[in-house]
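# Topology and contacts: notes
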Amino acid sequence: MASIQVIQRAGALLDAIVSQGDTATLKILAAETGLHPSTAFRILASLSDVGLVERDTRGGYLLGAKLRQLASRIPLDFDLRTCALPYMERLRNTVGETVNLTLRAGDEIIYIERVISKRMMRVEQIIGSRAPLHITAVGKLMLGESGERGVRDYAERTGLPAYTPNTLTGVRTLLDHIHQSRQQGYAYDNEEAEIGVGCIGVLLRDATGAAVGGLSISSPIERRRSEWIPLLIAAGEEVTAHIAHRHGTV
């Protein structure tokens, strides 16, 4: 019975993290679950050891990337990879550059699928690799989903470290960029993660309108073209419609 109780408490803690929408402190999680802080801390430490929970730079708790990776492998009626891959391949064939599929994992994005450019000189993102939200096109859009308060909290947690001279390291500048990107429906990465590499990204949404992932085109910056934007937006809309169809809402 004791082991079953631990599992129930672990489930309650995971539910509490989800309910916070971003990260949660030990104090909040203990209050939400009714657990003593020392008990909650021990269970969270065990969940962290197996990758189901992670801690941010300020010690807050968030869902671990392993949960998302496991979920993406389960053949349920909603499989983002299955929905997106045909559209990713068609987009790659049209623009001739690498197309990526990403999810949010705490304060980072994680690359879960890609279709690689057939060109000799190309950009390749490793499946399973991660990047901070503020240095990628899709990441900035995902960050914008949490609102101004969420962006400011992220900036406070991470310090907005610079990865190149082009990284947006000021909160006001980042907020303005995110606001403009959300209005136009796409975002750029202007050599903010890596010099010489540029990206364009859009969000993918489920039937409720919630962002569930992102689609991006990565290329050497000198080859990036504004003509790709409507093609990327159209591909994102098609994936979103496919997701809705899989849920039986269209």
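Scoring rules and cut-offs
Residues numbered from 1 in each chain as written. Predicted model: local features only at pLDDT ≥ 70, side-chain atom pairs only at ≥ 80, totals over all residues. Heavy atoms only, no water. Helix = DSSP H or I, 4+ residues; strand = E, 2+ residues; numbered from the N terminus. Rg over C-alpha atoms; globule rule 2.2 N^0.38 Å. Buried < 20%, exposed > 50% of the residue type's maximum accessible area, 1.4 Å probe, protein only. Contact = heavy atoms within 4.5 Å. Areas by Shrake-Rupley, 256 points an atom, 1.4 Å probe, with all protein chains shown as cover. Lys, Arg positive; Asp, Glu negative; His and termini not counted. Charge placed at Lys NZ, Arg CZ, Asp CG, Glu CD. Expected span 1.5 Å × (residues − 1). Arc of directions from axis to C-beta. Salt bridge = Lys/Arg side-chain N within 4 Å of Asp/Glu carboxyl O. Phe/Tyr/Trp six-rings, centres within 6.5 Å; stacked < 30°, edge-to-face > 60°. Axes fitted to C-alpha atoms, helices over the stretch in contact; angles between N-to-C directions. Parallel < 35°, antiparallel > 145°, perpendicular 65-115°, else oblique.

Moving on to the overall build of the protein. Scanning the protein for helices and strands turns up nine helices and eight strands. The globule rule puts the C-alpha radius of gyration for 250 residues at 18 Å, and the 19 Å found for the protein is close to it. Dimensions of the protein along its principal axes, counting C-alpha atoms only, are 60 × 40 × 30 Å. Looking at the 250 residues of the protein, the share that counts as buried comes to 46%. Taking the intrachain contacts of the protein between residues at least 6 apart in sequence as the baseline, contacts between residues at least 24 apart amount to 58%. For the protein, the exposed area adds up to about 12300 Å²; of that, 54% sits on carbon and sulfur atoms. Across the protein, the 28 positively charged side chains and the 28 negatively charged ones have centroids separated by 2 Å.

A few words now on helix 3 (residues 37-49). With 13 residues, helix 3 should reach 18 Å at 1.5 Å per residue; the first-to-last C-alpha distance of 18 Å fits that figure. Those residues of helix 3 lying buried are Thr39, Ala40, Ile43, Leu44 and Leu47. For helix 3, the arc enclosing every buried residue in end-on projection is 125 degrees, short of the 170-degree limit, so these residues lie on one face. Helix 3 presents Arg42 and Asp49 as exposed residues on the side facing more than 90 degrees away from its buried surface.

Tallied over the entire structure, the rule returns 12 salt bridges. With a closest N to O distance of 3.0 Å, Glu148 and Arg152 form a salt bridge. Placement of both Glu148 and Arg152 in helix 7 (residues 147-158) is noted, with a separation of four residues, approximately one turn of the helix. When salt bridges that share partners are traced, they join Glu54, Glu108 and Arg130 into one network.

This part covers the packing of aromatic side chains. Taken as a whole and judged by the stated rule, the model has one aromatic pair. Ring centres of Tyr186 and Tyr188 lie 5.8 Å apart, and the angle between their planes is 85 degrees; on these two criteria the pair is classed as edge-to-face. Under the relative-accessibility criterion, Tyr186 is labelled buried at 15%. Its relative accessible area of 21% is what places Tyr188 among the partly exposed residues.

Moving on, we get to the packing of helix 2 (residues 26-33) against helix 3. At a closest axis distance of 9 Å, the pairing of helix 2 and helix 3 adopts a crossing angle of 105 degrees. If you check the angle between helix 2 and helix 3, you find them roughly perpendicular. Contact residues: helix 2 offers Leu26, Leu29 and Ala30, while helix 3 offers Pro37, Ala40, Phe41 and Leu44.

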